[in-house]
Each structure stands twice: as C-alpha cells, then as structure tokens.
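One letter stands for each residue in the lines below.
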Amino acid sequence: MLQRVQTLYLLITVVASAALIFVFPLYQVSDNDGVWVYAASDNVLLSVFLCSAVLSLITILKYKNRKTQFMLGRLNIILNFFILGFFVYQSLNLSGETVVSKKGIGMLLPIISIVFLVLANKAIKRDEDLVKSVDRLR
C-alpha cells in the first residue's frame, strides 16, 4: 500500500536529496571572490545525493516487503551520515586556513533527510509490529 505515512516521509527525503540540492548552496568559497558552491558543481556530491534519492524511491517501491524497506532506510541513513560527515570535515578543515568561508543552507539537507528517514523507519516498524500482532491472534 502506497498510501501510508512512511511514503510521505520518503517522498520528502527524495525531494530534499534530488531537487533541493540544485536550489540551496552548500558553501561559499573564499578563494574565488565569494562564489557559492552547489552540489551540482561537484560530481561526487551530486552522485551521492542522487544515490540517496534513488535509494529512497526504491524503498518506497518495496512496500510489500517491510523488512527490506526497513533495511534500505537504515542504509540510506548511513549514506546521509557520510554526506554530513564530509560537510563537517570540509567546514572544519584542519589546515588552519579554511576554504569554506560561509556555510549555506544546503549543508542541512542531509540532516533533514536523516530526520525523515528515521520517521519513515519508525512507521515501517510500527506496521511490522501491527502485522505480527494480528498474526498472533489467528
């Protein structure tokens, strides 16, 4: 059934990972006269964000197998933590002089995705528990 609440949460994750990366800048580079950097300008970041969006779409389409859906949601959470870790490493560069002078709102997109993925996993777990309790009564 696609009309469950976790589908809405996963669609919000798809929008945050696939569409908003082109709208919101990630950071501003101080070397090039304050040029804002978007995820589309870095091929690695673009591919990781789009991989997260595709993984969320696959999770939506696996609605018949809730255990696989739950596992794919956890995998997507781990992927978004790697993106977030990359952003933290890049903004807190250890060399003393950082390349990142201003952080953009695009650095918060993995956090938004993680929050909605956790909510989706809670809803999937609740559905799985409901099905198990009904099976016990039969």
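The structure under discussion appears in the preceding block.
Residues numbered from 1 in each chain as written. Predicted model: local features only at pLDDT ≥ 70, side-chain atom pairs only at ≥ 80, totals over all residues. Heavy atoms only, no water.

Asks: How do you make sense of the environment of L79 when you look at a structure like this?
Replies: Within the secondary structure, L79 sits in helix α3 (residues 66-91). Since its relative accessible area comes to 19%, L79 is described here as buried. Measuring from C-alpha to C-alpha, the distance between L79 and C51 comes to 8.8 Å, with 28 residues separating the pair along the chain. If near-sequence neighbours (up to four positions away) are discounted, L79 is found in contact with V48, C51 and S52. (Helix = DSSP H or I, 4+ residues; strand = E, 2+ residues; numbered from the N terminus. Buried < 20%, exposed > 50% of the residue type's maximum accessible area, 1.4 Å probe, protein only. Contact = heavy atoms within 4.5 Å.)

Asks: Is there a simple way to explain the nonpolar core in this structure?
Replies: General note: in soluble globular proteins, nonpolar side chains tend to be found buried as a group. Residues I21, L26, Y27, A39, F49 and F87 are the most contacted members of the largest nonpolar core, which totals 13 residues. Of all the secondary structure elements, the ones that give two or more residues to this core are β1 (27-29), α2 (43-61) and α3. A per-element tally of this core places α2 first, with three residues. For A39, the contacting residues outside a window of four places in its chain are I21, L26, L45, L46 and F49. Judged by nonpolar contacts, the second largest core, of eight residues, contains L10, I60, I77 and L84. (Core = buried A, V, L, I, M, F, W, Y, C linked by side-chain atoms within 4.5 Å.)

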